[in-house]
Amino acid sequence: MIRPGISSYAFGWAVNAGVFSPEDLLDVAVAENLPVIQFGDHLPLHRLNPAALEALDDRAKRLGVEIETGARGLTREHLQTYIGISERLGARLLRFVIDGIGYEPALEEVTDIIRDALPALRQAGVTLGIENHDRFPCSALRELVDTVADEQVGICLDTANSFGAGEGVREALEQLAPVCVNLHIKDFVIARVPYLMGFTITGRRLGDGMLPLVQVLKAVASYPRCRSAIVETWPPPETEMTHTLEKEREWAVHSVRVLRDTLNTIAGTNCY
């Protein structure tokens, strides 16, 4: 069963403004009755001291919210760091963006890094979800997962990121749904620019854009590996930061409610 959750990337403006903490994400999950939260690399858990990590873990367990971890820059050292953090927090899923600032490894190097980390992933009980993120086409990411060929490794399928590689939702589903272990649900609209020579891709509240949500959920649910569908948003900024933050929170709450209701409709029961 795919469970609904929310990412710190549903609050990207608030995180960037320094007014959103890991505890705030827990509060949102509790308020919206969500069983899962996911931390993105913009709210890096490796910068928390051990006491803060322990406090976060204790509070999440008391509240009955499962943590999923996230990081960027798939080096050997960074992967090992986050496997350890994931194990400490009881996180069963670790989502990773391959590239980092000044770091764009070849697919062969990424394959070797992941293979070497398999024993640690197994020991920690952590599944690694590689996110489709701009540079690599979906076929290359599918090749990566098929080459590693291990149940501890799959894809974090983001519904919008593959536009950065010149591919859309259909291509992402065809290639990556069978190996998807985590969904990033992000709605969008594609519109022609006023001078007609080009398009823009802009975020929308879930249900207000072009994302075929039911099709995405059914396609991924037809395979057994996906554990969670996590809301992210791309709200365009308002003139005032206060108004941007208000819009961002409204989009997040609206989107998780749409996701939860859609999952319940597909399942034919009230799961959450």
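**So, the sheet that holds strand β10 (residues 228–231)**
Then, number 1: Taken together, eight strands build a closed barrel; the order of strands is β1-β2-β3-β4-β5-β6-β7-β10 and the barrel is parallel. On average, each strand axis in the sheet is inclined to that of its neighbour by 25°, with strand direction left out of account.
Then, number 2: Direction of pairing for strand β3 (residues 66–72) relative to strand β4 (residues 93–97): parallel, over a ladder of four bridges. Opposite A71, over in β4, you have F96 as the bridge partner.

**Here we look at the pattern of salt bridges**
Then, number 1: For the coordinates displayed, the defined rule picks out 20 salt bridges.
Then, number 2: Among the ionic pairs, D27 bridges to R59, the shortest N-O distance being 2.5 Å. Of this pair, D27 sits in helix α2 (residues 22–31) while R59 is found in helix α3 (residues 50–63), placing the two residues 32 residues apart along the sequence.
Then, number 3: With a relative accessible area of 35%, D27 lands in the partly exposed category.

**Re the environment of T81**
Then, number 1: Turning to its location among the elements, T81 is positioned in helix α4 (residues 76–89).
Then, number 2: Since its relative accessible area comes to 38%, T81 is described here as partly exposed.
Then, number 3: For the pair T81 and A55, spaced 26 residues apart in the sequence, the C-alpha separation amounts to 19 Å.

**Considerations on the environment of L93**
Then, number 1: Take L93: it is sitting in strand β4.
Then, number 2: Spatially, the C-alpha atoms of L93 and S255 are 22 Å apart, while their sequence positions differ by 162 residues.
Then, number 3: Residues contacting L93, with those up to four places away along its chain left out, are Q38, E68, T69, V126, T127, V181, N182 and R227.

**Comments concerning the packing of aromatic side chains**
Centre-to-centre distance and the angle between the planes together describe a pair of aromatic rings.
Then, number 1: Summed over the entire model, instances satisfying the criterion amount to three aromatic pairs.
Then, number 2: Here F11 and F20 contribute two aromatic rings whose centre-to-centre distance is 4.4 Å and whose plane-to-plane angle is 15°, an arrangement assigned as stacked.
Then, number 3: Judged by its relative accessible area of 2%, F11 falls in the buried class.

**What about a negative patch on the surface?**
Then, number 1: Taken together, the side chains of E108, E109, D112 and E143 define an acidic patch exposed on the protein surface.
Then, number 2: Element by element, the count of residues in the negative patch is highest for helix α5 (residues 107–124), at three residues.
Then, number 3: Assignment of secondary structure puts D112 in helix α5.
Then, number 4: Since its relative accessible area comes to 38%, D112 is described here as partly exposed.

**Some thoughts on unusual backbone geometry**
Then, number 1: Its identity as a non-glycine residue notwithstanding, A149 has a phi of 50°, on the positive side.
Then, number 2: Topologically, A149 is positioned in the loop between α6 (138–148) and β6 (153–158).
Then, number 3: Phi angles above zero are rare outside glycine, and L196 is one such case at about 75°.
Then, number 4: Along the chain, L196 falls in the loop between β8 (187–192) and β9 (199–204).
Then, number 5: A relative accessible area of 55% places L196 in the exposed class.

**A few points about the side chain of H78**
Then, number 1: As for its placement among the helices and strands, H78 is situated in helix α4.
Then, number 2: Take H78: its relative accessible area is 18%, and that puts it in the buried class.
Then, number 3: Polar contacts involving the side chain of H78 include one to the main-chain carbonyl oxygen of R72, which spans 3.4 Å.
Then, number 4: Non-local contacts of H78, meaning those with residues more than four positions away in its chain, are made with H46, A71, R72, G73 and F96.

**Description of the packing of α5 against α6**
Two quantities define a packed helix pair, namely the angle between the axes and the distance from one axis to the other.
Then, number 1: Look at α5 against α6: their axes get within 10 Å of each other, and the N-to-C directions meet at 35°. Here α5 and α6 pass one another in a crossing that is right-handed. Contacts from L107, V110, T111, I114, R115 and L118 in α5 reach A140, E143, L144, T147 and V148 in α6.
Then, number 2: For the contact of α5 with α6, the residue count by class is seven nonpolar, two polar and two charged.

What counts, and where the lines are drawn
Residues numbered from 1 in each chain as written. Predicted model: local features only at pLDDT ≥ 70, side-chain atom pairs only at ≥ 80, totals over all residues. Heavy atoms only, no water. Pairing = 2+ DSSP bridges. Helix = DSSP H or I, 4+ residues; strand = E, 2+ residues; numbered from the N terminus. Axes fitted to C-alpha atoms, helices over the stretch in contact; angles between N-to-C directions. Salt bridge = Lys/Arg side-chain N within 4 Å of Asp/Glu carboxyl O. Buried < 20%, exposed > 50% of the residue type's maximum accessible area, 1.4 Å probe, protein only. Contact = heavy atoms within 4.5 Å. Phe/Tyr/Trp six-rings, centres within 6.5 Å; stacked < 30°, edge-to-face > 60°. Patch = residues over 30% accessible without salt bridge, like charges linked within 9 Å, V, L, I, M, F, W, Y side chains within 5 Å. Areas by Shrake-Rupley, 256 points an atom, 1.4 Å probe, with all protein chains shown as cover. Lys, Arg positive; Asp, Glu negative; His and termini not counted. Charge placed at Lys NZ, Arg CZ, Asp CG, Glu CD. Polar contact = N/O pair within 3.5 Å; in protein donor to acceptor, adjacent residues only side chain to side chain. Left-handed = near helix turned anticlockwise from the far one by under 90°. Nonpolar A, V, L, I, M, F, W, Y, C, P; charged D, E, K, R; others polar.

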